[in-house]
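Understanding the architecture of this molecule
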Amino acid sequence: MSENFSNLNEPSEPSSGTAQMPMGIMIVLILLGYIGCYNVDQWNANFAANVHAPFTEPDEVASLAPSAEELLVARGKQIYSKNCVACHQANGAGSGTDIPPLAGSEWVKGDVATIVAITQKGLIGPISVAGKKYGAGAMTAAGETLGADELAAVISYVRKEWSNGGSAVGVEEVNDARKKVNDSGQSGQWEVKTLEAAGFIIPE
Amino acid sequence: MNKAPWIFLGVLFTLSLSWWGMVYGPASQLAGQSADKGDGTAVLPRVGLAKQGEQVYRENGCYYCHTRTATGGEFGYELRLSQLGGDREVTDEVLGENITVENTRLIDLAFEFKYVVAAKKTLDDANKALADAKEKTPELEDAVAVAEKSLKNSAVSFKEVISNVTEKTTDQNEKDTILFRAYGLSGVEIKDKALMIQLGMGEQIIDEHRKIANEAIIKLTHGKAQWGDIEDMVRGLKTRAGAQFKLQPVVIDWPDVQNGVALRQSVTRDFMHDTHAMPGVMQLGPNLANAGGTPALADSNQFYVHLYQPRLINEKSAMPPYRYLFRKIKVNAGETSPKNALKIKGKDLVAGYAIIPTEKAEALFEFLKSLRTDALPEAPIVDNPKPADDQ
Amino acid sequence: MSEPIDNIAPEATPEEINASCRWPVMFLFFSAALWLVKAAIIGVMGSVKLHMPEFLSDISFLTYGHLQANAWVAFLFGFGGNAGLGLTLWMLSRLRGAPLARPGFVIAGTVLWNVGVTAALVGITLGDQNGVAGLELPVYAGRVLLIGQAFIAFSAILTYFSRRHKQLYPSTWYLIGALVALPWIVGTAHWLLAAAPVRGAAQIPVGHWATTSLLQVWLGCLGLAAVLYFIPKIIGRELFSRQWAAFGFWMLLLLGGWVNLNSGSPLPVWQIKLSQFANGLFIFVVIAVGWNLRQTARGVPLLGSENLTLKFMGFALGAWVVSGLFTFCNVFPEWNAILQFTYANTALRHLFAWGFFAMAMLGGIYYVAPRLLGSDLDWPCGRTVRWVYRLIAVGVIIITLAGVGMAWGHGQALQQIGVDAMTLQTKAINPMRIAFLGEILFMVSSFIFLGSLLCLLSRNCCGELSPMALWRQIREAKMEGKTEGGAQ
């Protein structure tokens, strides 16, 4: 059928008819709406702000979140790579006969106060680490400008990294140790002797 | 629907529904989002040049051809158990049938380790008490005898389990490795070298034991597990068995991660400090979600040359050149060009001229450097084992 | 629902209404045609840049980013706003049986509106685009546009309430929907993305809502109003079902702002899920509108009709349905994951903007403009105007088929592991090379349309003094000369 409708003669304004929507469509719509709502209900992750695809549940994301200790160590690694890596190396091996290693060192596993004292004021050799003598190296007061939390992070990192197997360190411990260092009245860098004399525990 | 005002009200109401869901809801939810990462550090806003760079990125419409969105993919889970809790029955119950026979035996061995060491400790304590006691009473001697018996039983049971676990293994090193993994899993501290040798550990590697013990991780699933499969196990291990473990997502089919585009999917907090959030329209050029973490931006000169004329770096590149972000300065004979002039193979780009990035180019560089996909609590970095590791 | 019909003034005659609309609406139409040409030219320039990177590359304001934003703003607000508002006024007057109220406001509003669009283009050229792809409008331009629209809407709403016609025809709902939606959408975008911007990531859903509502709700309502009006009117039947029309209308308003969110967007899963749900329900909008019009025009081949307005409207309806089906397909995340960051989104926007909206508007203008200008209802050079329809139709088909098809290849390449960067680039650019052809066709057709409109204006207003008439006289004189010469 082909009608030629012309623009030239204008029919009256259109009106709308009375045909009803079929009931079937309504039922399909309700059904699909139900499926959709069910689907949204299943996969909405409780409308949490922190669940992004491909993860699906708030619990899942919470289980994946690293523990406080892991975060502390990860943060310590960043601080280490800024402040320590130039001398002690990324693998903690130190350098030559001047800079002692941190990997496998009995010092880093030892008393926290001693570590804080050394980072706070610096240390002039000689020092014995892991059965070897290290001589001329002089450590600066690298930890002096760090906040207690940052120092705790970097010490925790060093104690746990390279199979050192030490424990993480809290901010409280660092603050206590700092107080002890300040009370000792040490002005320049330590030597092992003065460190021992000030009452810090020296590893065997 | 013939009443004119009703149409108005209806339109207002209906539009307000999608407004509520797509505008009000997300905006109010994300407005209160904290920058805190949970470890005392925060997602930091951009400052200085990097912040200005965002405006350069916007002005030039970089977001049309580069996305900053790393999409998610298919992944599975590995549950990496590093230390067992105290209760063997609960652990067995929680782990259920999710683990391989081999791993079950290893866990058995680790518990035997716990028992034998505990028995040894009891015996030592009893002996010490006996030695300290001024008057040796029969009760104390009985206690020692009981402890001795218990240690003996434990050691016998331990040896049995060892032989079970290592029955197919002839290599002493392998046996030692299994032992030390169990030792690491048990989480006990043994200072007594003699006891360790007595328990069957090779003397030559005792000194390295720490390293092996620290790597004593057993993978309880094989990467295919979904959250629904392991949900109960993870909860049980955490709350009831008291074990130490790490749940590690592992890539199965995740193109953006496997192609090195990003380390994880993009999340809202990657955009939280943006003045204009620009996730991108088309991925015509490389995805910039992790631009700052790629080697392409390690060398600023390389980047500037690419921006100045992409086809100097890659002949077939379809990126337009951005020469107007650079200044061209005449260099007289005998003078050296400024330090920041663009160089290709150590020479000036255009002989006799120095091409110098303007502040806008520098800002853009800093902005791109700031785009990273570091781990966030809601977006852990997924493990992407290289094909070589699969074997 | 029956309307009390007492106290209603008698309906105005079509001639009275046409006369009341004449200059305000022609002003809007003419501006629309001008902006369409600009949008098409800038669009072609932008399209060139995607595959010829060295083209005009040393001019900072001619990067793809600037051009793309300019082309879209010129189309959306320049052409879309002017043409849409023009048709709104005319259709409202006709459907309410009342002459246009306060035409002075319309003229003032049109001036402001065009100032706003110009400001937007200048602003984007100077680097003020706001970073929301699809709504790059700078802040200040948005304000001018809103004021301009308020002036025009004032007139439209007065006309709407001065009802003299007892039934509220469905097109009226759509027109009112569009009138309300525009300030709401642009106002939200202005408020939450520019004046007091929401925080970082929240801009993504807000920006998406604004851009997708502008397309689906604003342009959608305007286009569908025209389609629903002209198809029954020209074929002289009543619209099949008022109920279907109402259902489609409310569902469109409800879902228009939710749909088409990329499944890979860096947003919490619930937002993406909700959008998927909306995509799924969108099929009902397509069915409601499509079925209603199919039943109305049963047996009438719209595209095969001799009537150009029907052709325009038929194509617009078809394009809208196809576009709606693509929207529905986004309910499947696997589908969306492949197309989301490819050229497909742009291609589908072209399908919607040119294939549906521009077709509906041009068809409407084609019908209305001669009526506004006088009694001479055919177009001068009527054969030429047909080329507007043909070229846009071919362009849209090329862009949709080739653009989406090849973008599919690109999307799959993006999902491959270890894919070579150059392969990826080639696959990304292929659809754009072909789309470039489509853009050129759009440009040519926009020129033809502007030219035809000029001819119409000059013929109907200048009469014997119009250039066309003069040319005809010269030619006839020559012919006469020739025949006389031949006779000698």
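In this text, all values refer to a predicted model and were calculated from it rather than measured experimentally.

1. Structural notes on the overall build of chain B
Regarding its fold elements, chain B presents 13 helices and seven strands. In terms of overall size, chain B is more extended than a compact globule, its C-alpha atoms giving a radius of gyration of 32 Å where 391 residues would be expected to give roughly 21 Å. Residues counted as buried form 51% of the 391 residues belonging to chain B. Taking contacts inside chain B between residues at least 6 apart in sequence as the whole, the part at least 24 apart equals 75%. For chain B, the computed accessible surface area is about 19200 Å², with 53% contributed by carbon and sulfur atoms. Between the mean site of the 47 positive side-chain charges and the mean site of the 52 negative ones, chain B shows a separation of 9 Å.

2. Focus on the interface of chain A and chain C
Contact with chain A, which involves 39 residues of that partner, is made by 43 residues of chain C. Summed over both sides, the interface between chain A and chain C buries roughly 3600 Å², with carbon and sulfur atoms accounting for 62% of that surface. Three residues stand out in chain A for area buried against chain C, namely Phe5(A), Asn7(A) and Pro14(A), and they jointly supply 20% of the buried area on that side. The interface formed by chain A and chain C includes five salt bridges.

3. Topic: the nonpolar core
With 234 residues, the main nonpolar core has Leu368(B), Phe75(C), Phe77(C), Phe79(C), Trp218(C), Phe230(C) and Trp354(C) as its most contacted residues. With residues near it in sequence (within four places) discarded, Leu368(B) still touches Tyr57(B), Leu288(B), Ala291(B), Gly292(B), Leu297(B) and Phe303(B). Core analysis: the second largest hydrophobic core is formed by 60 residues, Val90(B), Leu109(B), Ala155(B) and Ile230(B) among them.

4. A few points about the interface of chain C and chain B
With 83 residues of chain C in contact, the opposing surface of chain B contributes 69 residues. When the two sides are added together, the surface that chain C and chain B hide from each other amounts to roughly 6700 Å², 66% of it contributed by carbon and sulfur. Contact with chain B buries surface across chain C, with Trp184(C), Arg199(C) and Phe341(C) losing the most and accounting together for 11% of the total. Linking chain C with chain B are three salt bridges.

5. Considerations on empty space enclosed by the protein
Residues and elements named next belong to chain C. For the coordinates displayed, the defined rule picks out five cavities of 30 Å³ or more. Sorting the residues of the lining of the largest cavity by element identifies α2 (64-96), α6 (203-235), α9 (308-329), α10 (333-339) and α11 (344-373) as the ones contributing at least two each. Considering each element in turn, the lining of the largest cavity owes the most residues, nine residues, to α6. Class assignment for the residues of the lining of the largest cavity results in 23 nonpolar, 22 polar and two charged. The calculated volume of the second largest cavity comes to roughly 250 Å³. When residues of the lining of the second largest cavity are traced back to their parent elements, those giving at least two are α1 (14-51), α2, α11 and α13 (421-462). When residues of the lining of the second largest cavity are assigned to their parent elements, the largest contribution, six residues, is made by α1. The residue inventory of the lining of the second largest cavity, partitioned by class, reads twelve nonpolar, six polar and two charged.

6. A few points about the packing of helix α5 (residues 170-195) of chain C against α6(C)
Residues and elements named next belong to chain C. Their axes nearest at 8 Å, the elements α5 and α6 cross at an angle of 160°. In terms of orientation, α5 and α6 fall into the roughly antiparallel class. Seen from above, α5 lies across α6 with left-handed handedness. Its residues assigned to classes, the contact of α5 with α6 shows 22 nonpolar, six polar and no charged.

7. Things to note about the state of the cysteines
This structure, assessed with the given rule, holds zero disulfides over all chains. Of all cysteine sulfurs in the structure, the one in Cys84(A) sits closest to Cys87(A), which takes part in no disulfide; the separation is 8.9 Å. Under the relative-accessibility criterion, Cys87(A) is labelled partly exposed at 40%. Among the cysteines around Cys62(B), which has no disulfide bond, Cys65(B) carries the closest sulfur, lying 8.7 Å off.

8. Describing the pairing of strand β7 (residues 353-357) of chain B
Residue and element names in this part refer to chain B. The buried count for β7 comes to four of five residues, which makes it a mostly enclosed element. Here five bridges tie strand β4 (residues 326-330) to β7, and the two strands are oriented antiparallel to one another. Counted as the bridge partner of Lys 330 is Tyr 353 from β7.

9. With respect to the packing of helix α11 (residues 300-308) of chain B against helix α13 (residues 359-369) of chain B
In helix packing, the relevant descriptors are the interaxial angle and the interaxial distance, both defined with respect to the helix axes. All names here are of chain B. α13 packs onto α11 with a crossing angle of 120° between their chain directions and a minimal axis gap of 11 Å. Taken together, α11 and α13 sit at an angle that is classed as oblique. Handedness of the α11/α13 crossing: right-handed. Between α11, through Ser 300, Phe 303, Tyr 304 and Leu 307, and α13, the contact on the second element is made entirely by Ala 361, Glu 362, Leu 364, Phe 365 and Leu 368. Grouping the constituent residues of the contact of α11 with α13 by class yields seven nonpolar, one polar and one charged.

10. Overview of the confidence of the model for chain B
On average, residues of chain B score 84 in pLDDT, and 91% of them reach the 70 mark or higher. Within chain B, helix α8 (residues 209-214) of chain B has the poorest average pLDDT of any element, 58, and α13(B) the best, 95.

11. As for the pairing of strand β1 (residues 74-83) of chain B
Residue and element names in this part refer to chain B. Burial analysis of β1 places seven of its ten residues in the buried class, the great majority of the element. Here β1 pairs with strand β3 (residues 244-253) via nine bridges, running antiparallel. Along β3, the bridge assignment pairs Glu 74 with Asp 253.

Thresholds, definitions, all that
Residues numbered from 1 in each chain as written. Chains lettered and ligands numbered in written order. Predicted model: local features only at pLDDT ≥ 70, side-chain atom pairs only at ≥ 80, totals over all residues. Heavy atoms only, no water. Helix = DSSP H or I, 4+ residues; strand = E, 2+ residues; numbered from the N terminus. Rg over C-alpha atoms; globule rule 2.2 N^0.38 Å. Buried < 20%, exposed > 50% of the residue type's maximum accessible area, 1.4 Å probe, protein only. Contact = heavy atoms within 4.5 Å. Areas by Shrake-Rupley, 256 points an atom, 1.4 Å probe, with all protein chains shown as cover. Lys, Arg positive; Asp, Glu negative; His and termini not counted. Charge placed at Lys NZ, Arg CZ, Asp CG, Glu CD. Buried area = accessible area lost by both parts, 1.4 Å probe. Salt bridge = Lys/Arg side-chain N within 4 Å of Asp/Glu carboxyl O. Core = buried A, V, L, I, M, F, W, Y, C linked by side-chain atoms within 4.5 Å. 1 Å grid on protein atoms, 1.4 Å probe; cavity = no way out; pocket = protein on both sides within 12 Å on 5 of 7 lines; lining within 4 Å. Points joined across faces, edges and corners; volume = space filled by probe spheres on them. Nonpolar A, V, L, I, M, F, W, Y, C, P; charged D, E, K, R; others polar. Axes fitted to C-alpha atoms, helices over the stretch in contact; angles between N-to-C directions. Parallel < 35°, antiparallel > 145°, perpendicular 65-115°, else oblique. Left-handed = near helix turned anticlockwise from the far one by under 90°. Disulfide = S-S within 2.5 Å. Pairing = 2+ DSSP bridges. pLDDT = per-residue confidence, 0-100.

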